[in-house]
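Spelled out, the chains give:
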Amino acid sequence: MTCSPTASGVQVGVAQISVDRTDVDANVDRVIETLRAAAASGHQLVVFPECVLTGYLFGSRAETRAAAISSADARIGRIVRACAEHSVHAVVGLLEDAGEQVYNSALVLGPTGVLGRYRKQHLPYLGADRFVDPGADGAPRVADTPFGRVGVMICFDLRFPESARELALQGADLIAMPTNWPMGSDMLADHMTRVRALENLVYLAVADRADSEAGTRFMGRSQIIAPTGEVLADAGQDEGLFWAAIDVQAARTKRLIRKPGEFELPVFAGRRPEMYGELTRPMAPGH
C-alpha cells in the first residue's frame, strides 16, 4: 500500500531483528520480510541495525573483507525491488566492499534505488571497526525522500555531537542511526539519544539488535526520539518492528517561541561559529 505523509503521520519504524554473520542471503530475506510487514502497517521508512546484512564481529581485516559486499551487489538490488513493490524506504547497515577499501556503511534505499550512502567516520576499537577504513567522503549525508530529509550516522558517531549537528545543519528532518550497542550501553540509550535529538531539534531513529554474535550480546533499546527529547518508542530487549508517527515540520522549526517578542530561543540562528575554532582543531596523538 502507498501512504501519503500527513502533518502528524509519517510512520517510521526501527527493526530490532537478529543477524546471521554467516549468511548474507538470510539477512537480506529477513530485511525484505520486515519491509513487507512494515508497508502493510503503513510505514514509510524502516531503519535497520548496524551491519544487518553482513554481521559485525570479525577478528581480522581478512575476515572483515571476506564478509563485506558491494553497494552494487545484486542482493542490494533485491531490497530496492522490495522497496519499490511495497512503496517503502529503508536504511540498512553493511560492511561495504569498495575495492581496496572496506567500510562500515549504511545505505538509504528507496523505490528508485540507492538514495544515499554513509561510511562510518568515527571508529571504536571494537569488532570490524578495528579493521575497516574510516569514512572520509565530504559529500552531503542527507537523502531526500518523498516524506522528508533523512540523515545517517552509525553507532559510535553518537558520542560526537559534531556528527549529529552536521546532519541537522544539512537539513535533516530525521537522523537514522543503525547501531550495535552491546550490553552495558544504557547511558547512551537513556540519555545521549535524547540529548542529540533535543539539541538539534530533529527526530532520531535508532535501530539496534537484541541477539548475540560471536559471544557478544547486544542490548536492544531501539528507539525513536522526538525533537523535544521525548521517547516515542523504545523496543526494550524484544525483537520486532517498533514505530512512531512523526511530524517533519516539527524538525524544521529551529526557533523556539515561548512568548512572542519576549521569550524566544533562536537555537540555530543564535549559533556563533566564529567562536568555535577549537572544535575543528586536530588533537595531538594520544588524546
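Residues numbered from 1 in each chain as written. Predicted model: local features only at pLDDT ≥ 70, side-chain atom pairs only at ≥ 80, totals over all residues. Heavy atoms only, no water.

Visitor: How should the nonpolar core be read in this particular structure?
Guide: Nonpolar side chains tend toward joint burial in soluble globular proteins. The biggest cluster of nonpolar side chains holds 46 residues, and the ones touching the most others in it are Val 91, Leu 174, Trp 181 and Leu 204. At 5 residues, the largest contribution of residues to this core is made by strand β9 (residues 203-207). If we skip the residues at most four places from it in the chain, Leu 204 touches Met 153, Leu 158, Ile 175, Met 177, Thr 193, Arg 196, Ala 197, Gln 223, Ile 224 and Ile 225. One finds Val 24, Val 46, Leu 53 and Ala 82 within the second-largest nonpolar core, a separate group that totals 26 residues. (Core = buried A, V, L, I, M, F, W, Y, C linked by side-chain atoms within 4.5 Å. Buried < 20%, exposed > 50% of the residue type's maximum accessible area, 1.4 Å probe, protein only. Helix = DSSP H or I, 4+ residues; strand = E, 2+ residues; numbered from the N terminus. Contact = heavy atoms within 4.5 Å.)

Visitor: Just checking my understanding: could you explain the pairing of strand β15 (residues 255-259) for this structure?
Guide: Consecutive residues of a regular strand have side chains that alternate between opposite faces of the sheet. In terms of strand pairing, β15 meets strand β16 (residues 263-266) through 4 bridges, oriented antiparallel. The partner of Arg 255 across the bridge, within β16, is Pro 266. The loop that links β15 with its antiparallel partner β16 comprises 3 residues; one of these, Gly 261, has a positive phi angle of about 80°. (Pairing = 2+ DSSP bridges.)

Visitor: Is there a simple way to think about the pattern of salt bridges in this case?
Guide: Where charged atoms of side chains with opposite charge meet at close range, the side chains can pair. Using the criterion set out here, one finds 20 salt bridges in the structure. Ionic pairing is found between Arg 209 and Asp 211, a salt bridge with its closest N-O pair at 2.9 Å. Neither Arg 209 nor Asp 211 differs from the other in exposure class; each is buried. By sharing partners, the salt bridges in this structure join Arg 21, Arg 209, Asp 211 and Glu 213 into a single network. (Salt bridge = Lys/Arg side-chain N within 4 Å of Asp/Glu carboxyl O.)

Visitor: So what exactly am I meant to see when it comes to the packing of helix α1 (residues 24-40) against helix α3 (residues 74-86) here?
Guide: When two helices pack together, their arrangement is given by the angle between the helix axes and the distance between those axes. Their axes nearest at 10 Å, the elements α1 and α3 cross at an angle of 10°. Here α1 lies roughly parallel to α3, going by the angle between them. Of the residues in α3, those in contact with Val 24, Asp 25, Val 28, Asp 29, Val 31, Ile 32, Leu 35, Arg 36 and Ala 39 of α1 are Arg 75, Arg 78, Ile 79, Ala 82, Cys 83 and His 86. Here the contact of α1 with α3 is composed, by residue class, of 9 nonpolar, 1 polar and 5 charged. (Axes fitted to C-alpha atoms, helices over the stretch in contact; angles between N-to-C directions. Parallel < 35°, antiparallel > 145°, perpendicular 65-115°, else oblique. Nonpolar A, V, L, I, M, F, W, Y, C, P; charged D, E, K, R; others polar.)

Visitor: For this particular structure, what's the right way to read the pairing of strand β7 (residues 148-152)?
Guide: Of all 5 residues in β7, 4 are buried, a share of seventy percent or more. Bridge analysis of strand β6 (residues 142-145) against β7 gives 4 bridges, and the strand direction is antiparallel. If you follow Asp 144 over to β7, its bridge partner there is Arg 149. The turn linking β6 back onto β7 is made up of 2 residues. In terms of strand pairing, β7 meets strand β8 (residues 174-178) through 3 bridges, oriented parallel. Residue pairing across strands places Val 152 opposite Ala 176, the latter belonging to β8.

Visitor: Before we go on, may I ask you to explain the side chain of Thr 179 in this structure?
Guide: Considering the arrangement of structural elements, one finds Thr 179 in the loop between β8 and α5 (186-200). You can call Thr 179 buried: its relative accessible area is 0%. Side-chain polar atoms of Thr 179 contact the side chain of Trp 181, separated by 3.4 Å. Those residues in contact with Thr 179 that lie beyond four places of it in its chain are Pro 49, Glu 50, Cys 155, Val 206, Ala 207, Asp 208 and Arg 209. (Polar contact = N/O pair within 3.5 Å; in protein donor to acceptor, adjacent residues only side chain to side chain.)

Visitor: What's the story with the sheet that holds strand β12 (residues 223-225) in this structure? I'm lost.
Guide: Think of a sheet as strands paired side by side through backbone hydrogen bonds, with each pair either parallel or antiparallel. Pairing in this open sheet of 6 strands is mixed, and the strands run β6-β7-β8-β9-β12-β13 from one edge to the other. In this open sheet, the two strands that pair with only one neighbour each are β6 and β13 (231-234). For this sheet, the mean inter-axis angle between neighbouring strands, taken without regard to orientation, is 20°. Direction of pairing for β8 relative to β9: parallel, over a ladder of 5 bridges.

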